[in-house]
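Descriptive analysis of the structure
The lines below spell out each chain.
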Amino acid sequence: MTDGHSLLNLTADEVLTTTRSVRKRLDLTRPVERSAIEECLKIAQQAPSASNRQHWHFVVVTDPEKRAGIAALYRKARELGKASRPSMAFPSQEREIIYERVSSSADYLAEHMHEVPVLVIPCIEGRIEAASYSGQAALWGTIVPAAWSFMLAARARGLGTVLTTVHLNFEREAAEILGIPYEQVSQTALIPVAYTIGTGFKLAPRDPLETMVHWDSW
């Protein structure tokens, strides 16, 4: 499904397994066409939703001042999180190396968030925290598939994304910057979007299936 933007030569399985969290390989100098974002959003609209009710919204932020405002909230939230984070113990040196690599990548994104050409904030109608446990699950289960579909469609078009959530510590402030009705709409993530530096991405290392799959009982 494309209205004109060329797709990478990837199979469906390759799109699913190589849509990585992209931070340092976001091309901060190349503009992203509005039409490319709209193609990805049309695909996101086809995601499954609770009771087949698509009560989601996507706020697409391209205005430099508003991007800067959201980026400042993101940095503030990340710094607060780092300051309050207890010293961490790792089960292995490999896990520690992975954590340090991801942390360095996240620090880079925080420093350059305002330079990312497009920021996308998936939203859902209603206040998630006001819903029952099952109601919250239904709301997350509606917006997260749509956000992931958007990210997969972006990958197929050579765009990189990463789903972040720390700015939600200042959700109300972000709502004020973007005119989102805070009492009626919940922001659920912040997805930076840019073309990637190179389009080749590999599968990530994962634990064997038997460490996380339970057949018939735990």
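Anyway, here's the lowdown on the structure attached to this text. (Residues numbered from 1 in each chain as written. Predicted model: local features only at pLDDT ≥ 70, side-chain atom pairs only at ≥ 80, totals over all residues. Heavy atoms only, no water.)

1. Brief notes about empty space enclosed by the protein
- Scanning all chains against the criterion turns up 1 cavity of 30 Å³ or more.
- Each pocket or cavity is described by its volume, and for the largest cavity that value is around 40 Å³.
- Here the element with the most residues in the lining of the largest cavity is strand S3 (residues 159–161); it accounts for 3 residues. (1 Å grid on protein atoms, 1.4 Å probe; cavity = no way out; pocket = protein on both sides within 12 Å on 5 of 7 lines; lining within 4 Å. Points joined across faces, edges and corners; volume = space filled by probe spheres on them. Helix = DSSP H or I, 4+ residues; strand = E, 2+ residues; numbered from the N terminus.)

2. Focus on the side chain of Gln 187
- Take Gln 187: it is sitting in strand S4 (residues 185–187).
- For Gln 187, a relative accessible area of 3% corresponds to the buried category.
- Engagement of the side chain of Gln 187 in a polar contact is seen with the side chain of His 167, the distance being 2.9 Å. (Buried < 20%, exposed > 50% of the residue type's maximum accessible area, 1.4 Å probe, protein only. Polar contact = N/O pair within 3.5 Å; in protein donor to acceptor, adjacent residues only side chain to side chain.)

3. Here we look at the environment of Thr 188
- Tracing the backbone through its elements, the reader meets Thr 188 in the loop between S4 and strand S5 (191–195).
- Counting along the chain gives 65 residues from Thr 188 to Cys 123, while the straight-line C-alpha distance between them is 5.6 Å.
- A polar atom in the side chain of Thr 188 sits 2.8 Å from the backbone oxygen of Pro 122.

4. Regarding the packing of helix H2 (residues 34–44) against helix H5 (residues 133–156)
- Orientation of H2 relative to H5, taken along the N-to-C sense of each, is 140°, at an axis distance of 8 Å. The angle between the axes of H2 and H5 places the two elements in the oblique class. Crossing of H2 over H5 shows right-handed handedness. Contacts between H2 and H5 involve Ile 37, Cys 40, Leu 41, Ile 43 and Ala 44 from the first element and Ala 146, Ser 149, Phe 150, Ala 153 and Ala 154 from the second.
- Within the contact of H2 with H5, the residues separate by chemical class into 9 nonpolar, 1 polar and no charged. (Axes fitted to C-alpha atoms, helices over the stretch in contact; angles between N-to-C directions. Parallel < 35°, antiparallel > 145°, perpendicular 65-115°, else oblique. Left-handed = near helix turned anticlockwise from the far one by under 90°. Contact = heavy atoms within 4.5 Å. Nonpolar A, V, L, I, M, F, W, Y, C, P; charged D, E, K, R; others polar.)

5. Examining the state of the cysteines
- Using the criterion set out here, one finds 0 disulfides in the structure.
- Unpaired in this structure, Cys 40 has its nearest cysteine sulfur neighbour in Cys 123, at a distance of 17 Å.
- The class of Cys 40 is buried, set by a relative accessible area of 0%. (Disulfide = S-S within 2.5 Å.)

6. As for a nonpolar patch on the surface
- A cluster of nonpolar side chains, contributed by Leu 209, Met 212, Val 213 and Trp 215, occupies part of the molecular surface with about 500 Å² of accessible area.
- Looking at where Met 212 falls in the secondary structure, it is placed in the segment after S5. (Patch = residues over 30% accessible without salt bridge, like charges linked within 9 Å, V, L, I, M, F, W, Y side chains within 5 Å. Areas by Shrake-Rupley, 256 points an atom, 1.4 Å probe, with all protein chains shown as cover. Salt bridge = Lys/Arg side-chain N within 4 Å of Asp/Glu carboxyl O.)

7. Re the layout of surface pockets
- Here the largest pocket defines a volume of roughly 930 Å³.
- Residue lining of the largest pocket: 24 residues in total, with Arg 20, Arg 101, Val 102, Ala 204 and Arg 206 positioned closest to the centre.
- Only helix H4 (93–112) and H5 provide two or more residues apiece to the lining of the largest pocket.
- Taken together, the residues of the lining of the largest pocket break down into 10 nonpolar, 4 polar and 10 charged.
- Taken together, 12 residues make up the lining of the second largest pocket; nearest its centre are Arg 23, Tyr 74, Arg 78, Ala 106 and Val 166.
- When residues of the lining of the second largest pocket are assigned to their parent elements, the largest contribution, 4 residues, is made by H4.
- Here the residues of the lining of the second largest pocket sort into 6 nonpolar, 3 polar and 3 charged.

None of the figures reported here should be taken as evidence of function without further support.
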